[in-house]
Amino acid sequence: MTLSGKAAIAGIGATEFSKESGRSELRLAVEACIGAIRDAGMAPSDVDGLVTFTQDTNSEIAVARELGIPGLSFFSRVDYGGGAACGTVAHAAMAVASGQAETVVCYRAFNERSGHRFGQAAIGPDRSATSTGLEFSWHLPYGFATPAAWVAMHARRYMHEYGATSEDFGRVAVAMRRHAATNPRAWFYERPITLEEHQASRWVVEPLHLYDCCQESDGGVAIVVTGADRARDLPHPPVSVKAAAQGSGPNQMMMFGYYETDLTTLPAMGIVGDSLWRRSGLGPRDVQTAILYDHFTPFVLVQLEELGFCGRGEARELIADGGIELGGRLPVNPNGGQLGEAYIHGMNGIAEGVRQVRGTSVNQVDDVENVIVTAGTGVPTSGLILGRDQGRSRTRGS
Amino acid sequence: MHDRLMTLAEELAAEGERPAPPCPDPVNAAMIRNWTQALGDRSPLWDEVAPPAMIQVWSMPGLAEKAATAADRVLARLDEGGFTGVVATNCEQTYDRYVRHGERLRQTVRFGGVTGPKTTALGEGYFVTWYQSWYSGDERVAEMLFRVLKFAPRGGGASRRHPLRPAIGPDTRFFWDGVDAGELRVQRCAECGELRHPPGPMCPRCHATKRDHVVASGRGTVHSYVVHHHPPVPGLEPPFVVALVELDEGVRMVGNVLGCPPEDVHVGMRVELVFQKMDDELTLPQWRPAGGGEARDTAADTNAAADTDADTNAAAGTDTAAVAQPGGDGAESPPGGLPALRVELTPTFVISTALATRDFTPVHHDTALARAQGSKEIFLNILTTMGLVQRYVLERVPGAALGGIAVRLGVPAYAGDTLTVTGRAVDDRTIEVRGAVSLGDHVVATVRLKESS
């Protein structure tokens, strides 16, 4: 038994992406949700399930109250920061496929720039002796306290092992900013950068420059998941959930995968990738574009390797000469990603994956049959393969 | 207060260079011998001329009276304004020429300026600069810039408490107990013997819950590292290094690398354990370059070792020159790196050098008084720090003639600690020197060499 093809994404919604929304996080959540529900041609009364991130501050019941959803039969949360993104759709698809719910909205909304900024030193988290508090206690006292620093530790070793350079990382940033430059919703709309500008940007945590780090953003995104059959009766062509997976690796920690595993790998993403290909019956050659979680550039390279788009240490060759840019071998994040569009904890990437399959993106890749979408790296994570609905592709196929 | 302070500063600056009390004694062999013995300087150069870094010693008033500076009125005004804390930040000596035995020197003082208020790690404060010059007859032989930060101490002692503290639970307490006992402990499964860090309640291999630990040798290799610049992290001054150290026992551990500049850290670098006392309650296991830093030049090491042997019976408190660990641990020497010098800061060393530089300030010899003033121990005086920088460079670059030493002062070098001096040639006239103690950098110096004669 497999989940593949049983659920589909019928609607997407989002607020504007800004540095200061001027509104409450709950308001951002419900604005995104109502947008997604309307995009699906539905009403809140059609929704009977809600899923969000463990980290989200907006409770499912608060969102249901504001939307006037009369009752919920399924609600769930997914943990581990941005690693939750695709996991919310996985939970929703499982609920729909198993009959626990008919239509589930996944949402994530925050004032991550004007409110609590994830890029600042994480001195606030649980400092009691819980399992998570103890994990952080091996790192925080040394001032090892920001996501950039935690990723930089991997990046340095990756450079050492494979001869990658800061310019290789920079090419990811240049690609994302090129894509964002033609996406009016992107924060960095019409503001591309050059590799020289990347190299000249200040150090945040060596070996990461400022332009290796994604933005901090305010905003919200919501995704409507429903049964495949039902989706076919709705306004947009259904976007089939061909595979959904979560993954956690050996000796997994939150961002501290340093102790037993190879620092140049992301074992959790390897598990997600293997599951996605196996469950969908597809492989790296079957996707026309990839939405890869890009909070920091180095992990885009490692993801390309973990997902089988190239061998270990070879990602810099795949990225060279515009390989991940529009028109390249594998266009990555046509929306500009979190480096260029906005950092909505990976959820804006899922929405772009949906647009690419629908054929409605402002930076549309030609003939998209399938797209792979990933979630936060360095943490337990998740992924999706979204694709054209089988019924539709048959009629189109000729 | 600010406007009055600035007016006073302008008045003082307008006074220009003024004569100061005379130097008590001519340049003489006895004071030079005291100085060289106390600092462990065995150079044969000082039979006719005085060590250049001794220049300030010649005008020290000794116990007779307090040394006056050109900035006393400004410092007093700042005290009245609540800027009661003081810490020296810079000392820059320029040597026009070495002075000869028998020369009688005179000194002048000149007010430099005041800048501020500035927000610093210690609190809001003003930087105050003044100058001293030394003459033989009408010929200037040396000049010194001295700068202090006068700051308003932040309320209470709370700000000195390291803000980033580990949570400690039943499964991790043995580790922190070990740190307090001066041991680096690694959890071992009492059934299958598997070592593990970070520790946990159940052995993932055999599922035993019975645990003990081994005490690590304290040696390891940098597996990866980062240099933190941004954003600010409470309790730490960027840039700082965080490294993932692979212990010789096989487990990995995160810590800071202290005692060398960030640019010297590299993957594969050998490091050794050092305990850093963060405050009265918290100590962290940390790392520093192994074997006295980057001493990898075999010939230079041999010389350093020979010097050490010759010094075996010298006065207590002199250093042992660092010798590279035998066998070469695969560490590479940074370009231009000079062998390290390690100085054990025994109380005898701290006190004898203070007295040999005619510095009788109690914080350099009276432990009880030093503690009463908020220091944890007596500590090295600045005249000695300057002398050690001179000694390091002249021992590492034989035949060099010093044109000047400019130092930035960092954390105190307390008795009981070890000062590790490292250096590198920036070009053929410039040596960068760094002296680190367990708390971090005590001194960062740029030494200018003259064309050798």
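**Student:** What is the right way to look at the overall build of chain B in this model?
**Tutor:** Within chain B, the secondary structure is distributed over eight helices and 19 strands. The proportion of buried residues among the 453 residues of chain B is 54%. In chain B, the proportion of contacts linking residues at least 24 apart, taken out of those at least 6 apart, comes to 67%. Summed over its atoms, the accessible surface of chain B is roughly 19400 Å², and 51% of this surface lies on carbon and sulfur atoms.

**Student:** What is the right way to look at the nonpolar core in this model?
**Tutor:** The nonpolar side chains of a soluble globular protein tend to be buried, and buried together. Among the nonpolar cores identified, the biggest contains 144 residues, and Ile9, Ile223, Tyr258, Leu304, Ile350 and Leu386 of chain A are the most heavily contacted of them. With sequence-adjacent residues up to four places away left out, Leu386 of chain A is seen in contact with Ile9, Val239, Ser240, Val241, Ile350, Gly353, Val354, Val357, Glu369, Asn370, Val371 and Val373 of chain A. Residues Leu5, Met60, Ala142 and Ile431 of chain B belong to the second largest nonpolar core, which totals 81 residues.

**Student:** Sorry if this is basic, but what is going on with the confidence of the model for chain B here?
**Tutor:** Parts of the prediction with low pLDDT should not have their coordinates interpreted in detail. This prediction gives chain B a mean pLDDT of 85; 88% of its residues lie at or above 70. Scored below 50 in pLDDT, residues 293–334 of chain B shows 64 contacts in the model against residues more than four places distant or in partner chains.

**Student:** Explain the environment of His91 of chain A to me, please; I cannot follow it from the model alone.
**Tutor:** Residues and elements named next belong to chain A. Along the polypeptide, His91 turns up in helix 3 (residues 85–97). For the pair His91 and Arg329, spaced 238 residues apart in sequence, the C-alpha to C-alpha distance is 32 Å. Those residues in contact with His91, other than ones at most four positions away along the chain, are Val51, Phe74, Ser76, Arg77, Val78 and Gln246.

**Student:** I'm lost on helix 6 (residues 347–356) of chain B in this one. Help?
**Tutor:** Residues that lie three or four places apart on an α-helix share one face, since the helix turns once every 3.6 residues. All names here are of chain B. Looking at helix 6, one finds that the buried residues are Phe349, Val350, Thr353, Ala354 and Ala356. Seen from one end, helix 6 has its buried residues packed into an arc of 165°, which puts them on one side. Contact partners of the buried residues in helix 6: helix 2 (29–39), strand 15 (337–344) and helix 8 (382–396). Arg358, located one to two residues past helix 6, shows a positive phi value of around 55°.

**Student:** Sorry, what's going on with the interface of chain A and chain B here?
**Tutor:** Quite often, the size of an interface is put as the accessible area lost when its parts meet. On the chain B side, the residues contacting the 35 residues of chain A number 40 residues. For the chain A and chain B pair, buried surface summed over both sides reaches about 3300 Å², with 65% attributable to carbon and sulfur atoms. Of all residues in chain A, Trp138, Tyr142 and Tyr259 of chain A give up the largest surface area on contact with chain B, accounting jointly for 26% of the area buried on that side. One can count zero salt bridges joining chain A with chain B. Counting every contact that joins chain A to chain B gives 14 residue pairs in polar contact (both at pLDDT 80 or more). Tallied by class, the residues present in the side of chain A that touches chain B amount to 19 nonpolar, 10 polar and six charged. Two strands pair when backbone bridges link them, and strand 5 (residues 203–206) of chain A and strand 9 (residues 219–228) of chain B are joined in this way by two bridges, in the antiparallel orientation. If you follow Glu206 of chain A over to strand 9 of chain B, its bridge partner there is Val227 of chain B.

**Student:** Would you take a moment to explain the pattern of salt bridges for this structure?
**Tutor:** When their charged atoms lie close together, side chains carrying opposite charge are able to pair. Considering all chains together, one arrives at 42 salt bridges over all chains under this definition. Residues Arg18 of chain B and Glu15 of chain B are paired through a salt bridge, measuring 3.1 Å at the closest nitrogen-oxygen approach. Between Asp138 of chain B and Arg106 of chain B there is a salt bridge, and its shortest N-O distance comes to 4.0 Å. Taken as a pair, Asp138 of chain B in the loop between strand 4 (123–136) and strand 5 (139–151) and Arg106 of chain B in strand 3 (residues 106–120) lie far apart in primary sequence, 32 residues in all. Put simply, Glu16, Arg23, Arg27 and Glu31 of chain A are held in one network by salt bridges that share partners.

About the cut-offs
Residues numbered from 1 in each chain as written. Chains lettered and ligands numbered in written order. Predicted model: local features only at pLDDT ≥ 70, side-chain atom pairs only at ≥ 80, totals over all residues. Heavy atoms only, no water. Helix = DSSP H or I, 4+ residues; strand = E, 2+ residues; numbered from the N terminus. Buried < 20%, exposed > 50% of the residue type's maximum accessible area, 1.4 Å probe, protein only. Contact = heavy atoms within 4.5 Å. Areas by Shrake-Rupley, 256 points an atom, 1.4 Å probe, with all protein chains shown as cover. Core = buried A, V, L, I, M, F, W, Y, C linked by side-chain atoms within 4.5 Å. pLDDT = per-residue confidence, 0-100. Arc of directions from axis to C-beta. Buried area = accessible area lost by both parts, 1.4 Å probe. Salt bridge = Lys/Arg side-chain N within 4 Å of Asp/Glu carboxyl O. Polar contact = N/O pair within 3.5 Å; in protein donor to acceptor, adjacent residues only side chain to side chain. Nonpolar A, V, L, I, M, F, W, Y, C, P; charged D, E, K, R; others polar. Pairing = 2+ DSSP bridges.

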